[in-house]
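Tertiary structure, described
What follows is the residue order along each chain.
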Amino acid sequence: MLRENQAMQNLPPYLFARIEQKIAEAKEKGVDIINLGIGDPDLPTPKYIIDKMAEAIYDSANHQYPSSVGLLEYRKAVAEWYKKRHGVDLDPKTEIVSLIGSKEGIAHISFAYLDKDDINLVPDPGYPVYNIGTILAGGKSYFMPLKEENGFLPVLEDIPSDIARKAKLMFINYPNNPTGAVASLDFFEKVVEFAKSFDILVCHDAAYSEIAFDGIKPPSFLEAKGAKDVGIEFNSLSKPFNMTGWRIGWAAGNREAIEVLGRFKSNIDSGVFQAVQYAAVEALKEPEDHLNQLRKVYQERRDAVLEGLNKIGLKANPPKGSFYFWVPVPDGFTSASFAEMILEKAGVIVTPGNGYGEYGEGYFRIALTVSKERICEAFERIEKAVGKVEF
Ligand SMILES: *Cc1c(COP(=O)(O)O)cnc(C)c1O
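Residues numbered from 1 in each chain as written. Predicted model: local features only at pLDDT ≥ 70, side-chain atom pairs only at ≥ 80, totals over all residues. Heavy atoms only, no water.

1. What to know about the packing of helix H4 (residues 72-86) against helix H11 (residues 274-285)
The contact between H4 and H11 brings their axes to 9 Å, and the two run at 20°. On the basis of the axis angle, H4 is roughly parallel to H11. Seen from above, H4 lies across H11 with left-handed handedness. In this structure, H4 contributes Glu-73, Tyr-74, Ala-77, Val-78, Trp-81 and Lys-84 to the contact, and H11 contributes Gln-277, Tyr-278, Ala-280, Val-281, Leu-284 and Lys-285. Tallied by class, residues from the contact of H4 with H11 come to 8 nonpolar, 1 polar and 3 charged. (Axes fitted to C-alpha atoms, helices over the stretch in contact; angles between N-to-C directions. Helix = DSSP H or I, 4+ residues; strand = E, 2+ residues; numbered from the N terminus. Parallel < 35°, antiparallel > 145°, perpendicular 65-115°, else oblique. Left-handed = near helix turned anticlockwise from the far one by under 90°. Contact = heavy atoms within 4.5 Å. Nonpolar A, V, L, I, M, F, W, Y, C, P; charged D, E, K, R; others polar.)

The following block contains the structure:
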C-alpha cells in the first residue's frame, strides 16, 4: 500500500474543515452568505498593470523558461522600490530573488536550512505556512505566543535559551495576519540583536507592508540596523496590487540566504512567467496613487466593521495594518462555536481564531475583503438574529 511520508502525517489537522462543511451546507440550502473570512482582495488588479501584461504576453521572448532567480529588470525594480519606500539599499544581483508568490519562498526556506528535528521559531497565532513549511522540511516549530497585552509582538526574553540556541529560523510578520498589529523599528532592532546572539536567520513576512491605517507607514525589517547580517524579508505583489492570482513576490536581504534560496529554487522550479515580471516592474514604478486609493477603501471598511461591532456590543481594538480585524469572542463562546453560531443565525462567515494557533483561541478574524455595503448588511443581520443582549 502507498503511504504518505512522516512529514505529511505530521501536518496539523485542518481546523477550518468543519466551518467549510457548514458553509457548503448553507450554500446548498440557498442561503445568501456574506463571507468575511476571505484573505484575498476582492478588487481587481489596476488597469495600468494589466495593460503592461497584455503587451508583454505578445513578446515571444517571454514565452520561454524564465531565470529562476528573476529578470534583472524585475530585481532592479524591487531594489528601487526599497530605496524609495524604505531608504534601504539592496544589490539587485545578489540580495534579491524572485518568488512564485511569497508563500512559495516562505515554505521553501525551511527546506534549504533545516536538518531533521531542527527548530524554527514561529508566531502563534500566525500564517499557517511558517509551521507547515517547517514540518514538511522535517523540522519542529517552537511557538512564540503573540498576546494582546504585548501588542501581539513575541517576547524574545521568554524564548528559553536552549531553544534559541537550537533554532535555525525565526518567522515574524508585520503588519500582522491575523492580529492587524504593526511592529516598530525598535522591535525589529531587538530581533536583530537576538538573532545575532543565537545565530538565527530572521525571515520577516512583509506581505501587508503597504496596507496600514491612519497614515501609518510600516517599516521594513531591512531598515533595522544590522538586519541584512541576520535576515531576509519576504514581500509580494499579491495584497498591495490585488494580484494574488498572478503569483509573484520576492525575498530580499542577507546575501548568503538569498543565494541559498535561489540555488534551492533553481533545482525545483523555473521562476515566474516573464510577462508577469514585466507587469510587476510596472506596478512597482509609481504605486502611490493606486495604494492611497486602496488604503482609503480598506480604511472605510475597517471603520464600518468598528461601527458594526459596537452595534452588536463587541469590543475590539481596530487594526493598525493588514486587512484583518482580530476580535475577542463574547463570553461563553469558543472561536469555533461563535463562528458557527454567526453562520447559522445570520449567514455570515468569520474565521475562527484557533485556526491560526493555540493562542488564536478566543478570537475571530474578519477580513476587509467585501464591500462596505455588505459589511453593514452583515452586522445588521447579526444584530437582528442575535441582538446585543446575548453578548
Ligand atoms: C497573503 C499572505 C502572504 C502572501 O501570499 P502570496 O504567496 O505572496 O500570494 C504571505 N504572508 C501572509 C501573512 C499572507 O497573509
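2. Remarks on the domain arrangement of the protein
Segmentation of the protein into domains returns domain 1 (6-45 + 289-385) and domain 2 (47-287). For domain 1 versus domain 2, the distance between C-alpha centres works out to 25 Å. The interface of domain 1 with domain 2 comprises 36 residues on the first partner and 41 residues on the second. Here domain 1 packs against domain 2, burying approximately 3300 Å² in sum over the two surfaces, 60% of which is carbon and sulfur. Joining domain 1 to domain 2, the criterion identifies 1 salt bridge. The tally of links from domain 1 across to domain 2 stands at 23 residue pairs in polar contact (both at pLDDT 80 or more). Per element, the largest residue contribution to the side of domain 1 that touches domain 2 is 8 residues, and it comes from helix H12 (residues 288-311). For the side of domain 1 that touches domain 2, the class distribution of residues is 18 nonpolar, 11 polar and 7 charged. (Domains from an automatic or database assignment. Buried area = accessible area lost by both parts, 1.4 Å probe. Salt bridge = Lys/Arg side-chain N within 4 Å of Asp/Glu carboxyl O. Polar contact = N/O pair within 3.5 Å; in protein donor to acceptor, adjacent residues only side chain to side chain.)

3. Looking at the pattern of salt bridges
The full count for this structure, using the stated rule, is 25 salt bridges. Linking Arg-381 and Asp-32 is a salt bridge whose minimum nitrogen-to-oxygen distance equals 2.7 Å. In this pair, Arg-381 is assigned in helix H14 (residues 372-386) and Asp-32 in the loop between helix H2 (17-28) and strand E1 (34-35), connecting sequence segments 349 residues apart. The exposure class of Arg-381 is buried, given its relative accessible area of 18%. Taking the relative accessible area as the measure of exposure, Asp-32 reaches 41% and is therefore partly exposed. Note that Lys-83 is salt-bridged to Asp-89, the shortest N-O span being 3.2 Å. (Buried < 20%, exposed > 50% of the residue type's maximum accessible area, 1.4 Å probe, protein only.)

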